[in-house]
Amino acid sequence: MGVVAWLKSLFVLQLLIGFVFVVSGLIINFIQLCTCVLWPINKQLYRKINTRLSYSLWSQLVMLLEWWSGTECTLYTDQATVDKFGKEHVIIILNHNYEIDFLCGWTMCERYGVLGSSKVLAKQELLKVPLIGWTWYFLEIVFCKRKWEEDRETVFSGLNRLRDYPEYMWFLLYCEGTRFTENKHQISMQVAESKGLPKLKYHLLPRTKGFTTTMQCLKGTVKAVYDVTLNFKDKQNPTLLGIVNGKKYKADMSIRRFPVEEIPDDEKQCADWLHKLYQEKDALQEHYEKEGCFPGPTIKPKRRVWTLLNFLFWATLLLSPLINFAWDVFVSGSPLLIIGFMIFLVVASVAVRRLIGVTEVKKTGSSYGNIEAKKDN
């Protein structure tokens, strides 16, 4: 193990990074709360401010991927498609197989200038997650319970509200509804068989309602659908904890652009189009399994320095007083102060670990396979 790798594995450094993220996030959330007074006066100004505030938080996670772990992202697509990145409203369809798939999506958003304005159709439970859910609330993220009768009004109103969004946005959809596991895959393929649909090997059966509804509500706003299929070299199984420990991964992303004009307006035909798309995604994963890469030309977009500069700004602002305070505590020799500070460190480490736990496959709950969930497909 080299010196740099050893330093990255040190718990105290990881704890300091977590401290910067949590405290800066709380500051950003407070500023976002203060901007709410702008909503009835100037909605677009509110949105532009919150886009930049959210960038300041999310880019810290992107910094971990790009600069701390040094993870590489290679795109399998053509230059004509890349030339449109960050210049149009789009819907992103991404496979949900890995703990850091969202982070790989975010690094592409950052490199093409749409990280702060990126959107997602998120499950309701995430709204309660500190920092993440709170920031998404101020960003007008659409939350759903994945029960259509309860979600209908919320989803329609949330999506329609985004039609006049002033910044180019990438709207992420995990059409599978939950992260891939072998157990969920078995249940999903039973549903596929019962509906007479072709079985998938590397994906769950897509839930079409979210996609068709998003297409309907954002018609005239989004210009294209980007189909993104993600995999990792050498059969790596990346985790956020691995990123925090400085482990380097090599991500490959196949990206195909479909103009909205090519996608049927009819709900049934649109759903059929999505099922066909997932059959093609499965074929791409099969190709990757055999060849170790996706077909087509490759492009490696360069990482930008802004994520690193943003983190250094927050680290300078927050760590200096923390280090001075810690020094004063230990110099004082007061057992009570020292014990209190140690308790603070323990609480902080537990809080950071719980945030990381949100992404872990083994801890992600889902109703997938319930009778009610099956009806939503």
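Under an unreviewed UniProt entry, the protein has the name 1-acylglycerol-3-phosphate O-acyltransferase 3 and belongs to Cyprinus carpio carpio.

Engineer: Just to check I follow, could you spell out the overall build of the protein for this structure?
Structural biologist: In terms of helices and strands, the protein carries 14 helices and eight strands. Expressed as a percentage of the 377 residues in the protein, the buried residues total 53%. Sequence separation of at least 24 residues holds for 78% of the intrachain contacts in the protein that already meet a minimum separation of 6. Carbon and sulfur atoms form 62% of the exposed surface of the protein, whose accessible area is close to 18,100 Å².

Engineer: What exactly am I supposed to notice about the packing of aromatic side chains here?
Structural biologist: How two aromatic rings sit relative to each other is given by the distance of their centres and the angle of their planes. Taken as a whole and assessed by the stated rule, the structure comprises 17 aromatic pairs. Pairwise contacts between aromatic rings join Trp58, Phe102, Trp106, Trp136 and Phe143 into one cluster. Between the NZ or CZ atom of Lys8 and the centre of the ring of Trp68, over which it lies, the distance is 5.9 Å. Sitting over the face of the ring of Tyr278, Lys281 holds its NZ or CZ atom 5.6 Å from the ring centroid.

Engineer: What am I meant to see in the UniProt feature "transmembrane region" (unreviewed entry) in the protein here?
Structural biologist: The positions UniProt marks with the feature "transmembrane region" (unreviewed entry) are residues 12–39, 308–327 and 333–352. Taken end to end, residues 12–39 comprises 86% helix and 0% strand; its first and last C-alpha atoms sit 41 Å apart. A distance of 27 Å separates the end C-alpha atoms of residues 308–327, which is 100% helix and 0% strand.

Engineer: Before we go on, may I ask you to explain the side chain of Thr214 in this structure?
Structural biologist: Note on placement: Thr214 falls in helix H9 (residues 208–217). When residues no more than four places from it in sequence are discounted, the contact partners of Thr214 are Ile91, Leu159, Phe171 and Leu173.

Engineer: Teacher, can you tell me more about the packing of helix H2 (residues 11–35) against helix H12 (residues 306–332) here?
Structural biologist: Relative placement of two packed helices is described by the angle separating their axes and the distance separating the axes. Relative to each other, H2 and H12 sit at 100 degrees, their axes nearing to 9 Å. Relative to H12, the element H2 lies roughly perpendicular. Contact residues: Leu16, Ile17, Phe19, Val20, Val23, Ser24, Ile27 and Ile28 in H2; Phe311, Trp314, Ala315, Leu318, Leu319 and Leu322 in H12. Considered class by class, the residues forming the contact of H2 with H12 number 13 nonpolar, one polar and no charged.

Engineer: I'm lost on the pattern of salt bridges in this one. Help?
Structural biologist: Oppositely charged side chains can form a pair if their charged atoms are brought close together. Evaluated as defined, the whole model comprises 23 salt bridges. With a shortest N-O distance of 2.9 Å, Glu110 and Arg304 are connected by a salt bridge. Taken together, the residues Glu110 in helix H5 (residues 101–111) and Arg304 in the loop between strand E8 (298–299) and H12 connect sequence positions 194 residues apart. You can call Arg304 partly exposed: its relative accessible area is 26%. Between Lys235 and Glu289 there is a salt bridge, with its nearest N and O atoms 2.6 Å apart.

Engineer: Help me understand the UniProt feature "domain: Phospholipid/glycerol acyltransferase" (unreviewed entry) in the protein, please; the structure alone is not making it clear to me.
Structural biologist: According to UniProt, the positions carrying the feature "domain: Phospholipid/glycerol acyltransferase" (unreviewed entry) are residues 90–212. The span residues 90–212 is 41% helix and 14% strand, and its two end C-alpha atoms sit 14 Å from each other.

Engineer: Is there a simple way to think about the sheet that holds strand E3 (residues 119–123) in this case?
Structural biologist: Sheets are built from strands that pair by backbone hydrogen bonding, the pairs being arranged parallel or antiparallel. Overall, mixed pairing links the eight strands, which are arranged E4-E3-E5-E2-E6-E7-E1-E8 in an open sheet. The open sheet is flanked by strand E4 (142–144) and E8, the only strands paired with a single partner. Where E3 lies against E4, three bridges are found, and the strand directions are parallel. In the sheet register, Ala122 faces E4, and the bridge partner there is Phe143. Contacting E4 and strand E5 (170–173), helix H7 (residues 148–161) runs over the sheet at an angle of about 170 degrees to E4.

Engineer: Sorry if this is basic, but what is going on with the packing of H7 against H9 here?
Structural biologist: For the pair H7 and H9, interaxial distance at closest approach is 10 Å and the crossing angle is 30 degrees. The angle between the axes of H7 and H9 places the two elements in the roughly parallel class. The element H7 and its partner H9 pack so that their crossing is right-handed. Contacts between H7 and H9 involve Trp148, Val155, Phe156, Leu159 and Asn160 on the former and, on the latter, Lys209, Thr213, Thr214, Gln216 and Cys217.

Rules behind the numbers
- Residues numbered from 1 in each chain as written.
- Predicted model: local features only at pLDDT ≥ 70, side-chain atom pairs only at ≥ 80, totals over all residues.
- Heavy atoms only, no water.
- Helix = DSSP H or I, 4+ residues; strand = E, 2+ residues; numbered from the N terminus.
- Buried < 20%, exposed > 50% of the residue type's maximum accessible area, 1.4 Å probe, protein only.
- Contact = heavy atoms within 4.5 Å.
- Areas by Shrake-Rupley, 256 points an atom, 1.4 Å probe, with all protein chains shown as cover.
- Phe/Tyr/Trp six-rings, centres within 6.5 Å; stacked < 30°, edge-to-face > 60°.
- Lys NZ or Arg CZ within 6 Å of the ring centre and 35° of its normal.
- UniProt positions renumbered as here; feature names shortened; annotations may be inferred.
- Axes fitted to C-alpha atoms, helices over the stretch in contact; angles between N-to-C directions.
- Parallel < 35°, antiparallel > 145°, perpendicular 65-115°, else oblique.
- Nonpolar A, V, L, I, M, F, W, Y, C, P; charged D, E, K, R; others polar.
- Salt bridge = Lys/Arg side-chain N within 4 Å of Asp/Glu carboxyl O.
- Pairing = 2+ DSSP bridges.
- Left-handed = near helix turned anticlockwise from the far one by under 90°.

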